[in-house]
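# Residue-level structural notes
As a plain string of letters, each chain reads:
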Amino acid sequence: MKKIVILFLLLYKSTLFSQTILDSYPLDSKQSNGLNTILTVENELTHDVFVFIADKDNVTILKYNSFLFLTDQYTAPLKNASYRSLAGYSLSDDGNPTLYWAAIDYSTILAVKYYFEDKTNRTLNFKFPSSNQHIATEFQQNNSYNILAQDQSEQILMLYTFKNGTVEERMFDFSTFRFQDKNTRPQTFNRIISENPIEKMEQSDYNPLYKGTVKSKLYVFPDHMILTLDHNPKKTQLFDMNLESQEIKETNFIQPVSAKPIKSGNSFFQDNKLYQINGNEEELLLDIKDYKSGQSVKSIKVSKNDTIRFKISPLVIQREGQRQGELKTTKKFLKHLLYLDIGLSVFKNKQDTYITVGGTPKIINENSILNYSFFDDEIQQMFPQSNSYEINTHSESVYFESVFDPAYTAVNQEKLEPLALDNIYYFLNTNKNATLNSILKFKDFYILGYYDRALKQYIMRKFKDGFNLDDPLLDPHNYPSSFKKRIPPKRP
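Residues numbered from 1 in each chain as written. Predicted model: local features only at pLDDT ≥ 70, side-chain atom pairs only at ≥ 80, totals over all residues. Heavy atoms only, no water.

### Looking at the overall build of the chain
As a reminder of what qualifies: The helix and strand labels rest on DSSP assignments: H or I over at least four residues marks a helix, E over at least two residues marks a strand, and numbering proceeds from the N terminus. In this analysis, two residues are considered to be in contact whenever any of their non-hydrogen atoms come within 4.5 Å of each other. Using a 1.4 Å probe, accessible areas were evaluated by the Shrake-Rupley method; residue-level cover was limited to the displayed protein chains.
Check the secondary structure of the chain and you find 7 helices and 34 strands. Of the contacts made within the chain by residues no fewer than 6 positions apart, 49% connect residues no fewer than 24 positions apart. Counting only carbon and sulfur atoms, one obtains 49% of the accessible surface of the chain, whose full area is about 23900 Å².

### Focus: the packing of aromatic side chains
Keep this limit in mind: Working definition: a ring pair exists when centres of Phe, Tyr or Trp rings (six-membered ring for Trp) sit within 6.5 Å. Plane angles under 30 degrees give stacked, over 60 give edge-to-face, the rest tilted. Only protein chains enter the accessibility calculation, which uses a 1.4 Å probe; a residue is then buried when its area is under 20% of its type maximum, exposed when over 50%, and partly exposed in between. A ring is considered to have a charge above it if a Lys NZ or an Arg CZ atom is located within 6 Å of its centre and within 35 degrees of its normal.
The final tally for this structure, using the stated rule, is 29 aromatic pairs. Taking the centre distance of 5.6 Å and the plane angle of 85° together, the rings of Tyr 219 and Phe 268 count as edge-to-face. Taken together, the residues Tyr 219 in strand β17 (residues 216-220) and Phe 268 in strand β21 (residues 264-270) connect sequence positions 49 residues apart. Residue Tyr 219 shares its accessibility class with Phe 268, and that shared class is buried. When the centroid spacing of 6.0 Å and the interplanar angle of 35° are considered together, the rings of Phe 310 and Phe 404 count as tilted. Here Phe 310 is found in the loop between β24 (296-303) and β25 (315-319), whereas its partner Phe 404 is found in strand β31 (residues 396-404), with 94 residues between them in sequence. Each of the two residues, Phe 310 as well as Phe 404, counts as buried. The structure contains a cluster of three or more aromatic residues connected by ring pairs, namely Phe 50, Phe 52, Tyr 74, Tyr 89, Tyr 114 and Phe 116. Its end group placed over the ring of Phe 445, Lys 462 keeps NZ or CZ at 4.7 Å from the ring centre.

### Points about helix α7 (residues 420-430)
When you tally the buried positions in α7, you get 8 out of 11 residues, the bulk of the element. Taken together, the buried positions of α7 are Ala 420, Leu 421, Asp 422, Asn 423, Ile 424, Tyr 426, Phe 427 and Leu 428.

### A closer look at the nonpolar core
Which entries qualify depends on this criterion: For our purposes a nonpolar core is just a set of buried Ala, Val, Leu, Ile, Met, Phe, Trp, Tyr and Cys residues, chained together by side-chain atoms within 4.5 Å.
In terms of nonpolar packing, the biggest core is built from 36 residues, with Phe 269, Leu 284, Phe 333, Leu 344 and Phe 400 touching the most fellow members. Contact partners of Phe 269, with chain neighbours within four places excluded, come to Tyr 219, Phe 221, Ile 226, Leu 238, Leu 274 and Tyr 291. Core analysis: the second largest hydrophobic core is formed by 22 residues, Phe 177, Ile 193, Val 220 and Met 225 among them.

### Describing the sheet that holds strand β16 (residues 198-200)
To keep it simple, the criterion reads: Pairing between strands is defined by DSSP: at least two bridges between the two strands are required. Each axis is a line fitted through C-alpha atoms, and for a helix only the stretch in contact is used; angles between axes span 0 to 180 degrees, taken between their N-to-C directions.
Spatial ordering of the open sheet is given by β16-β17-β18-β19-β20, a layout of 5 strands whose pairing is mixed. Each having just a single partner strand, β16 and β20 (248-254) make up the two edges of the open sheet. Pairs of neighbouring strands in the sheet enclose a mean axial angle of 20°, with direction left out of account.

### A short note on the side chain of Thr 356
Keep this limit in mind: Within 3.5 Å is the distance limit for a polar contact, defined as a pair of N or O atoms, with the added protein rule that one can donate a hydrogen and the other accept it, and that residues adjacent in sequence qualify only through two side-chain atoms.
Mapped onto the fold, Thr 356 is located in strand β28 (residues 352-360). Of the polar contacts made by the side chain of Thr 356, one reaches the side chain of Tyr 206; its length is 3.2 Å. Among all residues touching Thr 356, those that are not within four sequence positions of it are Tyr 206, Leu 209, Gly 343, Leu 344, Ser 345, Tyr 399, Phe 400 and Glu 401.

### With respect to the pairing of β20
In the sheet, strand β19 (residues 235-242) pairs with β20 via 7 bridges, with the strands oriented antiparallel. Among the inter-strand pairings, Gln 237 is bridged to a residue of β20, identified as Asn 252. Between β19 and β20, which follow one another and run antiparallel, lie 5 residues, and Gln 246 among them has a positive phi close to 65°.

### A look at the pattern of salt bridges
Applicable threshold: The term salt bridge refers to a pairing of a side-chain nitrogen on Lys or Arg with a carboxyl oxygen on Asp or Glu at a separation within 4 Å.
Taken as a whole and assessed by the stated rule, the structure comprises 14 salt bridges. Note that Asp 72 and Lys 119 form a salt bridge whose closest N and O atoms lie 3.3 Å from each other. With Asp 72 in strand β5 (residues 70-77) and Lys 119 in the loop between β8 (108-115) and β9 (120-127), the pair connects residues that are 47 residues apart, well separated along the chain. Since its relative accessible area comes to 25%, Asp 72 is described here as partly exposed. Its relative accessible area of 35% is what places Lys 119 among the partly exposed residues. The closest approach of N and O atoms between Asp 287 and Lys 289, which form a salt bridge, is 2.7 Å. Here Asp 287 falls in the buried class, since its relative accessible area comes to 6%.

### Here we look at the side chain of Asp 240
This is how it is decided: In this charge count, Lys and Arg are treated as positive and Asp and Glu as negative; neither His nor the chain ends contribute.
Here Asp 240 is to be found in strand β19. Buried and unpaired, Asp 240 has Lys 292 as its nearest opposite-charge partner, separated by 6.4 Å. A polar side-chain atom of Asp 240 sits 2.8 Å from a polar atom in the side chain of His 224. Within the structure, Asp 240 has its side chain in polar contact with the side chain of Tyr 291 (distance 2.8 Å). If near-sequence neighbours (up to four positions away) are discounted, Asp 240 is found in contact with His 224, Met 225, Ile 226, Glu 247, Ile 248, Lys 249 and Tyr 291.

### Side note on the pairing of strand β11 (residues 144-151)
By the criterion of burial, β11 is predominantly enclosed, with 8 of the 8 residues buried. Side chains Ser 144, Asn 146, Leu 148 and Gln 150 project from β11 onto one buried face, and the interleaved Tyr 145, Ile 147, Ala 149 and Asp 151 project onto a second face that is buried too. Pairing between strand β10 (residues 133-141) and β11: 8 bridges, direction antiparallel. Along β11, the bridge assignment pairs Phe 139 with Asn 146. Where β10 folds back on β11, the antiparallel hairpin that results is connected by 2 residues, among which Asn 142 adopts a positive phi of roughly 55°. Across 6 bridges, the pairing between β11 and strand β12 (residues 156-163) is antiparallel. Of the residues in β12, the one forming a bridge with Ala 149 is Met 158. Connecting the antiparallel pair β11 and β12 is a turn made up of 4 residues.

Okay, here's the thing in structure tokens:
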């Protein structure tokens, strides 16, 4: 009887969280010892799925059709030992992939196109102008590989788009715009970006909180890009960059006003809405504005003595190397938030909007003057004495989560089911043999691709939102109460 119970528990977890195995591909032990990259991607035009598997000597490309049947495969040697970093990919109009291998300093990028028809490949070199530009961020869009670079002398951003064996260049000039710090002192665009590096946000995936707390965010759409700057806690500067005309349109969104000075503010752009968050030791303010009209559609103000009634999670505190804990009061949450980088992450799933609000660690100069006297004992322990040039004031994150319906009414926790991403993160947290994972949003579900060290296989699994109720024995009330997947990961 005992063995039957154990078997049922294993079957329960596998059915509930792992869901469907779509395919597996054997990787021999010699190859698997040298694996360093696995990337699962979709051709946005044909909906074919490609898997790029790189080890120290070779790259293997698996091609699946839109029904996820393996239709072709191709293994080729890596020609130049100096180019081991897979920077990105593009998919040509003929359906064949090109992989971009970068040197360590990105001074040169090798574009290798792989032809499935005759199992050949062709290499092109791209010399990146690293002497006067540096890479701000990289991203994939419209089957192309893109590099956004910041010029070191001029107030411009350069966008390089790689596809079909060519590189298209676009320039966005910020020299005519005015930038100020919180004390209204003028600043240059280059200095702001240098002090606040650009982080690209994902539109269809959840962005971890450490990305939501950066001050410069990039949002990429098919015909334009949006850059938001929150270096000044008084406002969000939003720049809409047209990819066709290369014109830039600026819009300023004032942060919600508090009775006491605001210590820090931030924003997140999602579904043509700008979500702004700021606060101090007395209160936390959240404002949701319509991008087109600039009008506020929802404003929330929470004082230190209030209960945050729209949250669906505890006030979580996550210290490095420790299990997550809970802060009991809003007052304590605001105290912890005071010396963190504040931010938020917004993810829209079907009709509901998921919001994570909190803060992640920041580094300060040792010359900064800190007054510890108003902290309680729990917080004072987070500030170790140090003689180093930079002090990491703590190793923690604090946050809470909320969900709103289309009318921006808070959704009750009992009505929520786990997201596909929740199920994926749970699977990864409980399956230590799953490494080199990549997540692909495909049709109405997600594909998790990873290497299984025990089975020595590349495996694709399908994950969907909600509980898996195919088995009538599964009871949703047994879903683990400690099931929290969107814990902010460590900052890289």
